[in-house]
Amino acid sequence: METQSQVVDRLRSVFRSGITIPVEFRLTQLNKLMSMIQENEEQILKALHEDLAKPKFEAIMSEVDIVVNELYFAITNLTSWIQPEYVSKNLATKLDDCFVRREPLGVVLIIGPWNYPLHLLLLPLVSAIAAGNCAVIKPSEVSAHTDRLMAELIPKYLSQDCYTVVRGAAEETTTLLLNRFDHIFYTGSQTVARIIMRAASVHLTPVTLELGGKCPCFIYGRVDIVAAARRLVWSKYFNAGQSCVAPDYVLCSPDTRDALLPALRQTLEEFYSKEPQTSPDMSRIVSPRHWTRLMELLTRSAGKVVVGGESDREDKYIAPTVLVNVAEDDALMAEEIFGPILPILTVESLEEGIALINRQEKPLALYVFSDESSVVNTVLEKTSSGGFCSNDGIIHMCLPTLPFGGVGTSGYGSYHGRWGFETFSHRRACMLRGWALERLNSLRYPPYTETKLSW
Ligand code: NAD
């Protein structure tokens with residue numbers, strides 16, 4: 001068995017051979033990745049169901065199709081992305097060829113999380129392949145079935161010389177991180193991100209950190225309360241709230257809260273029935289450990305449960321839950337919830353809501369629900385977040401022309417579509433000069449006479 005450092009060394013020498021550079025090679029690998037997804041869709045859906053009880057619809061939409069769309073987008077656009085980008089010139093460079101060349105970085109490491117274990121592992125891989133890199137791919141051990149399936153399928157479809165899956169938990173990843181990579185792309189918690197950044201600093205390796213945080217949903221002013229409840233419930237309870245861009249908490253006025261609650265109850269019943277535990281459309285919490293963390297948060301909260309609250313440890317189930325009377329210093333506001341628990345906080349004005357958002361760390365996504373464009377624009381102008389979406393949740397991340405990533409503690413760097421290709425490329429500044437105008441050049445050579453200074 002190859003050791004981890006032998007794997008990295010092998011990939012590095014393969015990278016140096018130049019095999020990943022031709023666009024034909026990259027396109028072949030991307031097409032093979034597409035075949036892997038399409039030919040094994042049933043197995044993939046089964047693994048996702050075993051890991052998280054993901055409903056088939058959600059798994060197709062947020063895991064399979066999103067990867068297929070990213071692949072399709074990269075395959076369609078790669079030839080134009082890799083073209084040199086000619087830049088404007090000044091008088092002194094008029095005769096030169098001045099352009100930016102996208103070059104692969106080398107051997108990159110991609111570390112995936114468990115909540116969308118296919119999507120969040122393969123989307124960065126699409127970008128890494130498109131940009132011409134070799135890659136070590138480390139799926140999350142927590143989503144064990146998808147982890148195993150990826151380790152089985154990837155070597156069957158992709159070049160084993162260029163792409164290797166390394167499995168393991170914290171211990172194996174710690175050893176893996178001792179190796180020198182040319183880029184580390186990490187998706188997961190802020191705590192582990194600090195470990196990754198420390199390890200990367202030893203080799204001065206650049207990192208992309210796709211992290212999380214508390215994404216607010218600010219409902220303010222005139223609003224279609226029924227549509228707002230439906231979009232909020234869908235984006236919050238999708239994957240049982242285990243989405244980095246799920247609305248984490250709601251901010252609204254007391255009047256809006258009173259109107260929203262019956263609409264939330266009705267929507268939840270419509271989507272997941274009166275007994276959500278029996279609904280095939282409600283995912284489960286990924287592990288007993290994560291279930292316990294969520295139940296502890298719920299127990300420590302001083303808020304009042306007005307919807308849900310039921311749970312079943314054996315089944316890793318937590319009902320879609322809504323709480324009111326939640327204060328800013330409540331346990332539920334101290335960390336990212338990452339589960340099907342939705343606190344509602346009230347504010348008296350737009351300014352008060354904006355001030356509350358700005359007292360928190362910058363979120364990965366910020367949602368504003370309002371019919372009033374002045375409300376949407378004011379929140380957009382006066383806050384900062386990785387992404388922003390009005391009158392819906394999650395959906396902004398499905399458009400490959402928008403960059404996806406955080407700001408502040410919600411992340412560092414971005415990807416999707418061309419943005420991902422750029423993340424995994426070095427932008428090499430090139431100036432190709434000839435020997436012309438040497439007399440003009442002599443103006444900058446010593447001796448630096450007074451005449452030259454007066455120019
Ligand atoms: P995690 O940090 O526990 O695990 C992610 C990866 O890190 C796994 O592959 C795991 O094996 C590895 N890992 C765990 N401990 C490690 C250690 N000590 N040293 C090295 N590697 C280690 O994260 P998670 O629980 O899987 O994910 C939840 C978090 O990720 C949430 O905060 C969520 O918001 C965030 N997230 C962000 C995005 C995004 O795109 N921005 C997407 C999904 C999840």
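About the criteria used
Residues numbered from 1 in each chain as written. Predicted model: local features only at pLDDT ≥ 70, side-chain atom pairs only at ≥ 80, totals over all residues. Heavy atoms only, no water. Axes fitted to C-alpha atoms, helices over the stretch in contact; angles between N-to-C directions. Helix = DSSP H or I, 4+ residues; strand = E, 2+ residues; numbered from the N terminus. Parallel < 35°, antiparallel > 145°, perpendicular 65-115°, else oblique. Left-handed = near helix turned anticlockwise from the far one by under 90°. Contact = heavy atoms within 4.5 Å. Nonpolar A, V, L, I, M, F, W, Y, C, P; charged D, E, K, R; others polar. Phe/Tyr/Trp six-rings, centres within 6.5 Å; stacked < 30°, edge-to-face > 60°. Buried < 20%, exposed > 50% of the residue type's maximum accessible area, 1.4 Å probe, protein only. Near = heavy atom within 4 Å. Polar contact = N/O pair within 3.5 Å; in protein donor to acceptor, adjacent residues only side chain to side chain. Areas by Shrake-Rupley, 256 points an atom, 1.4 Å probe, with all protein chains shown as cover. Pairing = 2+ DSSP bridges.

Visitor: Can you tell me about the packing of helix H2 (residues 23–39) against helix H6 (residues 144–157), naming the residues and giving the values?
Guide: Relative orientation and spacing of two packed helices are given, respectively, by the angle between their axes and the distance between those axes. Closest axis-to-axis distance for the H2/H6 pair is 9 Å, and the angle between their directions is 135 degrees. Here H6 runs oblique to H2, going by the angle between their axes. Viewed along their axes, H2 and H6 form a crossing whose handedness is right-handed. Packed against H2, whose contacting residues are Lys 32, Ser 35, Met 36 and Glu 39, the element H6 presents Met 150, Leu 153, Ile 154 and Tyr 157 at the interface. Classifying every residue of the contact of H2 with H6 gives 5 nonpolar, 1 polar and 2 charged.

Visitor: Requested: an account of the packing of aromatic side chains, with residues and values cited.
Guide: For the structure on display, the rule yields 10 aromatic pairs. Consider the rings of Trp 114 and Phe 338, whose centres lie 5.4 Å apart with planes at 75 degrees: the pair is edge-to-face. In this pair, Trp 114 is assigned in the loop between strand S3 (107–111) and helix H5 (119–130) and Phe 338 in the loop between strand S13 (321–324) and strand S14 (341–346), connecting sequence segments 224 residues apart. According to the relative accessible area criterion, Phe 338 is buried, its value standing at 18%. Between the aromatic rings of Phe 271 and Tyr 272, the centroid separation amounts to 6.1 Å while the plane-to-plane angle is 80 degrees, which identifies the pairing as edge-to-face. Since its relative accessible area comes to 23%, Phe 271 is described here as partly exposed. On the basis of relative accessible area, Tyr 272 is assigned to the buried category, the value being 5%. In this structure an aromatic cluster arises from ring pairing among Phe 185, Phe 404, Tyr 415 and Phe 424.

Visitor: Tell me about the site of the ligand, and please be specific about residues and values.
Guide: Around the ligand sit 27 residues, and of these Gly 112, Glu 141, Tyr 186, Leu 211 and Glu 336 come closest. At 2.7 Å from an oxygen atom of the ligand is found a side-chain nitrogen or oxygen belonging to Lys 138. Here Gly 188 contributes a backbone N or O atom positioned 3.0 Å from an oxygen atom of the ligand. Taking 840 Å² as the accessible area of the ligand by itself, protein coverage stands at 90%. Counting residues per element, the ones that place at least two in the shell around the ligand are helix H7 (170–176), strand S6 (183–187) and helix H8 (190–202).

Visitor: Residue-level account of the sheet that holds S3, with values.
Guide: Where strands meet in a sheet, backbone hydrogen bonds hold them as pairs that are either parallel or antiparallel. Reading across from one edge, S5-S4-S3-S6-S7-S17 is the order of the 6 strands in this open sheet, with mixed pairing throughout. Strands at the two margins of the open sheet, each flanked by one partner only, are strand S5 (163–165) and strand S17 (411–412). Across the sheet, helix H1 (residues 4–17) lies against S3, strand S4 (134–138) and S5, angled at about 150 degrees from S4, the strand it touches most.

Visitor: Can you lay out unusual backbone geometry for me, pointing to particular residues and giving the numbers?
Guide: Looking along the chain, the bond that leaves Pro 446 and enters Pro 447 is cis, with omega of 0 degrees. For Pro 447, the location among the structural elements is in the loop between helix H15 (438–441) and helix H16 (450–453). At Ala 53, a residue that is not glycine, the phi angle is positive and equals roughly 55 degrees. Summarising the element assignment, Ala 53 is placed in the loop between helix H3 (41–52) and helix H4 (56–81). You will see that Lys 316, though not glycine, has its phi angle at about 50 degrees, which is positive. Examined against the element boundaries, Lys 316 turns out to sit in the loop between strand S11 (311–312) and strand S12 (317–318).

Visitor: Tell me about the environment of Asn 40, and please be specific about residues and values.
Guide: Tracing the backbone through its elements, the reader meets Asn 40 in the loop between H2 and H3. Placed 113 residues apart in sequence, Asn 40 and Leu 153 show a C-alpha to C-alpha distance of 8.6 Å. Among all residues touching Asn 40, those that are not within four sequence positions of it are Ser 35, Leu 153 and Tyr 157.

By themselves, these observations are geometric and do not establish any function.
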